[in-house]
Amino acid sequence: MTASPATYVFAVCGPDHPRALGPAGGHPEGGPLRFLTIGSLRAVVQDVPAAAFAEAALRERLADAAELERCARTHHDVVSAAAAAGPAVPLPLATLYRGDERAAAALAENQERFRAVLDRIAGRAEWAVKVYLTQPAPLARPAHPDRPPGQAPPETSGRAYLNRLRSRQQLRERQREDALAAAERVDSAVRQIAAGSVRRRPHGPEVTGPDRTQILNAAYLIARDGSDEPATTIGRLRGTPGFDDIEIDVSGPWAPYSFTDGDDRAAHQ
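Residues numbered from 1 in each chain as written. Predicted model: local features only at pLDDT ≥ 70, side-chain atom pairs only at ≥ 80, totals over all residues. Heavy atoms only, no water.

1. Here we look at unusual backbone geometry
- Across the junction of Gly-252 and Pro-253, the peptide omega takes the value 0 degrees, indicating a cis bond.
- Located in the positive-phi region is Ala-94, a residue other than glycine, with phi close to 65 degrees.
- Within the element layout of this structure, Ala-94 appears in strand β4 (residues 88-97).
- One non-glycine residue, Asp-245, lies in positive phi territory at about 60 degrees.
- Topologically, Asp-245 is positioned in the loop between α7 (229-238) and β8 (246-254). (Helix = DSSP H or I, 4+ residues; strand = E, 2+ residues; numbered from the N terminus.)

Written out as structure tokens, the structure reads:
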């Protein structure tokens with residue numbers, strides 16, 4: 001006897017959402033993408049093999065980096081296709097239920113939240129803005145042509161050495177303070193054109209690399225018809241004082257993953 005397929009849920013949409021989802025095909029081992037009615041809403045779902053997507057099997061698959069990337073990319077492609085066609089609330093990777101009935105019942109419990117989120121993100125998309133302090137090239141150590149070979153430079157010992165260490169520390173602290181001030185200017189400027197914003201903990205050097213320090217890691221909910229505004233706003237800031245050794249990455253528009261739980265901060269209070 002063949003086991004019933006599991007229901008994989010990608011996103012929740014409004015009742016008027018177009019049924020076409022473009023080229024997105026879902027997981028290759030599953031059936032075609034389709035819509036599942038959730039009260040007055042609809043969910044983008046796919047039938048997938050229950051054995052391949054069971055908890056233990058899925059945990060083992062996602063422990064493999066290549067398989068995790070493939071699954072995440074597939075999920076993202078479907079959510080992006082749904083969001084491109086109309087407001088869509090993205091669900092987390094590997095949202096699975098044992099059949100349509102359980103999926104519909106579980107999702108129906110959150111209808112009010114889904115409707116509120118759909119209203120908020122209608123006509124808007126997510127933009128990511130990241131600000132980094134880049135490491136300036138180290139200052140060249142002055143040459144001492146008159147020093148005999150093998151003799152240590154006088155500033156490598158005693159008070160001069162400690163003063164040099166103190167000066168370097170003070171320089172690093174000033175650079176970080178300047179970078180924090182620049183990041184606040186970026187955040188303030190982008191929030192002026194955003195309907196909501198979310199700030200996350202900056203990534204560490206294991207993600208950013210050793211030559212730059214992430215100062216701001218934020219997402220903004222911005223009107224789709226103003227899609228050139230983030231880059232324009234950042235472009236004006238880049239040419240102003242205080243942005244030396246500052247790198248700003250702007251990317252989007254994305255499906256509004258960061259604005260589905262009501263925790264984002266309104267740009268205008």
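There is more to say after this.
2. Digging into the confidence of the model for the protein
- Per-residue confidence for the protein gives a mean pLDDT of 84; residues scoring 70 or more make up 83%.
- Here residues 137-143 scores under 50 on pLDDT; set against residues more than four positions off or in separate chains, the count is zero contacts.
- Contacts from residues 262-269, a stretch scored under 50 in pLDDT, to residues over four places away or in other chains number 20 contacts. (pLDDT = per-residue confidence, 0-100. Contact = heavy atoms within 4.5 Å.)

3. Things to note about the packing of aromatic side chains
- One pass over the structure, following the stated rule, counts two aromatic pairs.
- When the centroid spacing of 4.5 Å and the interplanar angle of 40 degrees are considered together, the rings of Tyr-8 and Phe-10 count as tilted.
- Judged by relative accessible area, which is 1%, Tyr-8 ranks as buried.
- On the numbers, 6.1 Å between centres and 85 degrees between planes, the contact of Tyr-8 with Phe-53 is edge-to-face. Taken as a pair, Tyr-8 in strand β1 (residues 6-13) and Phe-53 in the loop between β3 (41-48) and α1 (55-62) lie far apart in primary sequence, 45 residues in all.
- For Phe-53, a relative accessible area of 5% translates into the label buried.
- For Arg-42, the ring lying beneath its charged end belongs to Phe-35, and the centroid distance is 4.5 Å.
- The ring of Phe-53 has Arg-61 sitting right over it, with the charged end atom 4.7 Å from the ring centre. (Phe/Tyr/Trp six-rings, centres within 6.5 Å; stacked < 30°, edge-to-face > 60°. Buried < 20%, exposed > 50% of the residue type's maximum accessible area, 1.4 Å probe, protein only. Lys NZ or Arg CZ within 6 Å of the ring centre and 35° of its normal.)

4. Considerations on the sheet that holds strand β7 (residues 212-223)
- Strand order in the open sheet made by the four strands is β6-β7-β5-β8, with antiparallel pairing throughout. Each having just a single partner strand, β6 (196-199) and β8 make up the two edges of the open sheet. Neighbour-to-neighbour, the strand axes of the sheet open up by a mean angle of 20 degrees, direction not taken into account.
- The pairing of strand β5 (residues 124-134) with β8 spans seven bridges and is antiparallel. Each bridged residue has a counterpart across the sheet, and for Val-131 the counterpart in β8 is Ile-248.
- Against the sheet, α7 contacts β5, β7 and β8, and its axis sits at roughly 175 degrees relative to β8. (Pairing = 2+ DSSP bridges. Axes fitted to C-alpha atoms, helices over the stretch in contact; angles between N-to-C directions.)

5. Focus: the side chain of Thr-7
- Residue position: Thr-7 is located in strand β1.
- Overall, the relative accessible area of 0% leaves Thr-7 in the buried class.
- Within polar-contact distance, the side chain of Thr-7 engages the side chain of Asp-100 at 2.8 Å.
- For Thr-7, the contacting residues outside a window of four places in its chain are Arg-34, Val-45, Gln-46, Asp-47, Thr-95, Leu-96, Tyr-97, Gly-99, Asp-100 and Ala-103. (Polar contact = N/O pair within 3.5 Å; in protein donor to acceptor, adjacent residues only side chain to side chain.)

6. Concerning the sheet that holds β3
- Strand order across the open sheet formed by four strands is β2-β3-β1-β4, with antiparallel pairing between neighbours. In this open sheet, the two strands that pair with only one neighbour each are β2 (34-38) and β4. Averaged over all pairs of adjacent strands, the angle between strand axes in this sheet comes to 30 degrees, irrespective of strand direction.
- Pairing of β1 with β3 involves seven bridges; the strand directions are antiparallel. Of the residues in β3, the one forming a bridge with Ala-6 is Val-48.
- Sheet strands touched by helix α2 (residues 65-85): β1, β3 and β4. Its angle to β4, the strand with the most contacts, is close to 145 degrees.

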